[in-house]
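Examining the three-dimensional arrangement
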Amino acid sequence: MNSMNDTGVVAGPASGQTSHTHRLRGLAITGFIATLAAMVATTLAAALAQAVGVDFEIPDGGETIPLPGFAVVTGFFSVVGVVIAAALLRWSAHPAKRFVWTAVSLTAISLVPPFLVGANTATIIALLGLHLVPAAVMIPALARSLRTRTD
């Protein structure tokens, strides 16, 4: 609600709220673009790996990971990253630093499952790389969007 102060100037919403809304909107746009870029990069990298002979067969389940599956999983976890970034923007004094620490930790944890599924060496190496591709796109983009002058 706008009100008149003693000098006759109409005061609008608190600038902190406007700034926060602006930064959240910027983060959402950056996150959307980075998610699309990560999905494309990961899917292209998986297609390249298939072209050179990686089969992406997971013996534990007896199935092969389909190419669109890489895009879907990348998109899902990229959106999770954007949600984490938004939460840190809202509740952390140093959102960029906290996001990088959190995202790198989660990326490191994501490197464990390829070793547990019983796939061949080429598939394991490709899956490890395919975990790092979207991280290389998402983490810098979101961290840059979260930076403030105090970070």
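Keep in mind that this is a model prediction, so the values were computed, not measured.

Brief notes about the packing of aromatic side chains
Counted according to the given criterion, the structure contains two aromatic pairs. Note on F76 and F77: the rings are 4.9 Å apart at their centroids and 85 degrees apart in plane angle, and the pair reads as edge-to-face. Residue classification places F77 among the exposed residues on the basis of a relative accessible area of 54%.

Overview of the environment of L48
Along the chain, L48 turns up in helix α1 (residues 15–51). Considered as a pair, L48 and A126 are 78 residues apart in the sequence and their alpha carbons are 10.0 Å apart.

So, the packing of helix α2 (residues 67–91) against helix α3 (residues 95–110)
Interhelical geometry of α2 versus α3 gives an angle of 150 degrees and a closest axis separation of 9 Å. Relative to α3, the element α2 is oriented roughly antiparallel. For the element pair α2 and α3, the recorded crossing hand is right-handed. Contact with α2, carried on its side by G81, I84, A85, L88 and L89, involves P95, R98, F99, T102 and L106 of α3 and no other residues of that element. Within the contact of α2 with α3, the residues separate by chemical class into seven nonpolar, two polar and one charged.

Side note on the nonpolar core
Core analysis: the largest hydrophobic core is formed by 17 residues, its most contacted members being L27, A85, F99, M138, I139, L142 and L146. Contributions of two or more residues to this core are made by α1, α2, α3 and α5 (121–146). Residue contributions to this core peak at seven residues, all from α5. In contact with L142, not counting residues within four places along its chain, are L27, G31, G81, V82, A85 and F99.

Here's the deal with α5
Here α5 spans 37 Å end to end across 26 residues, near enough to the 38 Å set by a 1.5 Å rise per residue. At A135, α5 is bent by approximately 25 degrees, the largest bend along its length. The N-terminus of α5 is capped by N120, whose side-chain oxygen sits 3.2 Å from the backbone nitrogen of A122.

Observations regarding the side chain of T107
On the secondary structure map, T107 appears in helix α3. Ignoring sequence-local partners within four residues, the contact set of T107 consists of H131, L132, A135 and I139.

Cut-offs used in this document
- Residues numbered from 1 in each chain as written.
- Predicted model: local features only at pLDDT ≥ 70, side-chain atom pairs only at ≥ 80, totals over all residues.
- Heavy atoms only, no water.
- Phe/Tyr/Trp six-rings, centres within 6.5 Å; stacked < 30°, edge-to-face > 60°.
- Buried < 20%, exposed > 50% of the residue type's maximum accessible area, 1.4 Å probe, protein only.
- Helix = DSSP H or I, 4+ residues; strand = E, 2+ residues; numbered from the N terminus.
- Axes fitted to C-alpha atoms, helices over the stretch in contact; angles between N-to-C directions.
- Parallel < 35°, antiparallel > 145°, perpendicular 65-115°, else oblique.
- Left-handed = near helix turned anticlockwise from the far one by under 90°.
- Contact = heavy atoms within 4.5 Å.
- Nonpolar A, V, L, I, M, F, W, Y, C, P; charged D, E, K, R; others polar.
- Core = buried A, V, L, I, M, F, W, Y, C linked by side-chain atoms within 4.5 Å.
- Expected span 1.5 Å × (residues − 1).
- Bend = angle between axes of the 7 residues up to and from the residue.
- Polar contact = N/O pair within 3.5 Å; in protein donor to acceptor, adjacent residues only side chain to side chain.

Keep in mind that these numbers describe shape and distance, not what the molecule does.
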